[in-house]
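Survey of secondary and tertiary structure
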Amino acid sequence: LSYKLADTVSVSGGIGVTWDALESASVGYEPNRVLLGSASISLSDGSIWSDKEAGLNLSGSFTVGAPTSLSDQLTNKLFTMTPAASMSWKLGDFSLTGSTSFSKIFNRTNQATLDCSGFDDPGQCRQGRLLSDSLTAESVDGEVVLTGTGLTSFAVGYGLSAGYAPMDGLSIGLGLS
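Residues numbered from 1 in each chain as written. Predicted model: local features only at pLDDT ≥ 70, side-chain atom pairs only at ≥ 80, totals over all residues. Heavy atoms only, no water.

Two strands pair when backbone bridges link them, and strand S5 (residues 77–91) and strand S6 (residues 94–107) are joined in this way by 12 bridges, in the antiparallel orientation. Opposite Lys90, over in S6, you have Ser95 as the bridge partner. As defined by bridge partners, S6 adjoins strand S10 (residues 154–167) across 11 bridges and the pair is classed as antiparallel. Note that in S10 the partner of Lys104 across the bridge is Phe154. (Pairing = 2+ DSSP bridges. Helix = DSSP H or I, 4+ residues; strand = E, 2+ residues; numbered from the N terminus.)

What follows is the structure in structure tokens.
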């Protein structure tokens, strides 16, 4: 969902949904399970600065994410904030774009936890959830804290892409991030 506020400024929002139609050993969920992804809202400007003669354009965005996915909830995420910027250079039919982003992740705790309040035996709650023998868990006020699984508080992203548009309506690109 997107709404244009001005010539190059827009606000957008979205949420992902995953549907596992078949039972899969790699996922471990029953068939037809639907899971929400992370929700986000973004404010973006497609041209903060540009030099048309040189073919340069600077764009940016600011995104706030909400913890609607199961993964976000298990890692006690409150929300994320991500400013991002990209610089593109267009020369004839060729283009080159570099981008960078920085995310601050706000978590309720610095360790992943499981809510085991519905289990009489916390051992049953932990069963099958520890991915490695090196991970340990302890029960604290009805929650099982997965010790040794510290949560990430910051993330930095960067990318580089190149494109070629030999004719109107056709473009070929390659990107790394």
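With that out of the way, let us pick up the pairing of strand S11 (residues 170–176). When you tally the buried positions in S11, you get 0 out of 7 residues, a small fraction of the element. Inspection of the sheet shows S10 paired to S11 by 6 bridges, in the antiparallel sense. Considered in S11, the bridge of Tyr164 is made with Ile172. With antiparallel pairing between neighbouring strands as the criterion, S10 and S11 make up a hairpin whose turn holds 2 residues, including Gly169 at a positive phi of roughly 85°. (Buried < 20%, exposed > 50% of the residue type's maximum accessible area, 1.4 Å probe, protein only.)

Looking now at the packing of aromatic side chains. Pairs of aromatic rings are described using the distance from one ring centre to the other and the angle between the two planes. One pass over the full model with this rule turns up 3 aromatic pairs. Look at Phe79 and Phe106: their rings are 4.5 Å apart centre to centre, the planes differ by 20°, and that puts the pair in the stacked class. Taken together, the residues Phe79 in strand S5 and Phe106 in strand S6 connect sequence positions 27 residues apart. By relative accessible area, Phe79 is classed as partly exposed at 31%. On the basis of relative accessible area, Phe106 is assigned to the partly exposed category, the value being 26%. The ring of Phe154 has Lys104 sitting right over it, with the charged end atom 4.5 Å from the ring centre. (Phe/Tyr/Trp six-rings, centres within 6.5 Å; stacked < 30°, edge-to-face > 60°. Lys NZ or Arg CZ within 6 Å of the ring centre and 35° of its normal.)

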